[in-house]
Every structure is written in structure tokens, then in C-alpha cells.
Amino acid sequence: MIFDKDGNITIITQEKASVKTLVNNIEQVYDTYKNDHIIVNLSSLDSITLEDIIEFIRVSNRHRADKKSFVVVSEKVDLDEMPDEICVVPTMQEAYDIIEMEDIERDLGF
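If you're wondering where the values come from, they're calculated on a predicted model, not measured in any experiment. (Residues numbered from 1 in each chain as written. Predicted model: local features only at pLDDT ≥ 70, side-chain atom pairs only at ≥ 80, totals over all residues. Heavy atoms only, no water.)

*Asks:* Explain the overall build of the protein chain to me, using residue names and the numbers behind them.
*Replies:* When helices and strands are counted, the protein chain shows five helices and five strands. Order of helices (α) and strands (β) in the protein chain, N terminus to C terminus: β-β-α-α-β-α-α-β-β-α. Over its C-alpha trace the protein chain gives a radius of gyration of 13 Å, about what one expects of a compact globule, namely 13 Å for 110 residues. With respect to the principal axes defined by its C-alpha atoms, the protein chain has extents near 40 × 30 × 25 Å. Roughly 6,200 Å² of accessible area belongs to the protein chain as shown, and the carbon and sulfur atoms make up 47% of that amount. (Helix = DSSP H or I, 4+ residues; strand = E, 2+ residues; numbered from the N terminus. Rg over C-alpha atoms; globule rule 2.2 N^0.38 Å. Areas by Shrake-Rupley, 256 points an atom, 1.4 Å probe, with all protein chains shown as cover.)

Listed below in C-alpha cells is the structure:
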């Protein structure tokens, strides 16, 4: 698990461990990153299932309740199957775009 910082965005990249392990690790260090927007980059993993994405819902809901963006990046999932409770995009650029758009919505009071 690699943590990178880009302004007020923390990018968490997973390379080897399971998604369940990643979610547990994120929850353990959550207080460190709770004031940042979070992008979880799963692009390097060989396969991602719907069940893997669902693992992130609890931490995503907690983060979004604090008025911060939580975006998962993976081009290996069927975006039509993803639950509405979590934001999944295929590229890092789209993750940045989502965060920018959600910041604008929050500023406008939506």
C-alpha cells in the first residue's frame, strides 16, 4: 500500500495485498487522512470484483459524510454494476475531475 499526497488529496495505491486487507489498513490509518479527499487506485490489480468494491462502501460512506470525496479507480470493473453509494471511475484523471466537481457542489450547497 502506497500513500501519496497531492495538495488536499491522498492517493492510496494498492499493488499486491487483497482488497479486504487494503480496506482494513485504510480504516486503521483513517484518522491520518480524514481531512483529505481520498483516491484509492486499484489499477495495478489483475482483477476486481463487485464484492471487492462493496468492501469500500463503509469507509466511503463515513468519508463522504464528513464532506470529503472518496473515489476508487479501476478500469477492470463493469461500471454499470457498481452501487450508487460508491464512486468508481476508470482513470486517475476522472477521479480528479469527480473531486473537483464534488467540491463545486459542496461550495454551492448541494
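*Asks:* Any details on the packing of aromatic side chains? Residues and values, ideally.
*Replies:* One pass over the full model with this rule turns up two aromatic pairs. Relative to Tyr33, the ring of Phe3 lies with its centre 4.7 Å away and its plane at 5 degrees, an arrangement referred to as stacked. Separated by 30 residues along the polypeptide, Phe3 in strand β1 (residues 2-6) and Tyr33 in helix α2 (residues 30-33) bring together distant segments of the chain. By relative accessible area, Phe3 is classed as partly exposed at 28%. Here the aromatic rings of Phe56 and Phe70 are separated by 6.2 Å at their centres, their planes lie at 45 degrees, and the arrangement is tilted. Of the two residues, Phe56 is situated in the loop between α3 (50-54) and α4 (57-65) and Phe70 in strand β4 (residues 70-73); the sequence distance between them amounts to 14 residues. (Phe/Tyr/Trp six-rings, centres within 6.5 Å; stacked < 30°, edge-to-face > 60°. Buried < 20%, exposed > 50% of the residue type's maximum accessible area, 1.4 Å probe, protein only.)

*Asks:* Describe the pairing of strand β3 (residues 37-41), naming the residues involved and giving the relevant values.
*Replies:* Burial runs high along β3: five of the five residues are buried. Of the two faces of β3, the one lined by His37, Ile39 and Asn41 and the one lined by Ile38 and Val40 are each fully buried. With five bridges joining them, strand β2 (residues 9-13) and β3 adopt parallel strand pairing. The residue of β3 that forms the bridge with Ile12 is Val40. (Pairing = 2+ DSSP bridges.)

*Asks:* I'd love a proper account of the pairing of β1, names of residues and values included.
*Replies:* Summarising the sheet, β1 and β2 pair through five bridges and their orientation is antiparallel. Directly across from Phe3, in β2, lies its bridge partner Ile12.

*Asks:* Help me get a handle on the side chain of Gln14, residues and values and all.
*Replies:* With respect to the helices, strands and loops of the structure, Gln14 is situated in the loop between β2 and α1 (19-28). Of the residues examined, Gln14 reaches a relative accessible area of 3% and is grouped as buried.

*Asks:* Please provide a residue-by-residue account of the environment of Ile9, values included.
*Replies:* Within the secondary structure layout, Ile9 lies in strand β2. Sequence-wise, Ile9 and Asp97 are 88 residues apart; in three dimensions their C-alpha atoms are separated by 12 Å. Apart from residues no more than four positions distant in its own chain, Ile9 is found in contact with Asp4, His37, Ile39, Tyr96 and Ile99. (Contact = heavy atoms within 4.5 Å.)

*Asks:* Tell me about the pattern of salt bridges, residues and numbers included.
*Replies:* With the rule as written, the count across this model stands at seven salt bridges. Residues Arg58 and Glu27 are paired through a salt bridge, measuring 2.7 Å at the closest nitrogen-oxygen approach. Here Arg58 is found in helix α4, whereas its partner Glu27 is found in helix α1, with 31 residues between them in sequence. According to the relative accessible area criterion, Arg58 is exposed, its value standing at 54%. With a relative accessible area of 25%, Glu27 lands in the partly exposed category. Between Asp31 and Arg62 there is a salt bridge whose closest N-O contact spans 3.9 Å. Residue Asp31 is located in helix α2, and its partner Arg62 is located in helix α4; the two are separated by 31 residues in the primary sequence. (Salt bridge = Lys/Arg side-chain N within 4 Å of Asp/Glu carboxyl O.)

Everything listed here is a matter of coordinates, which is why it stays silent on function.
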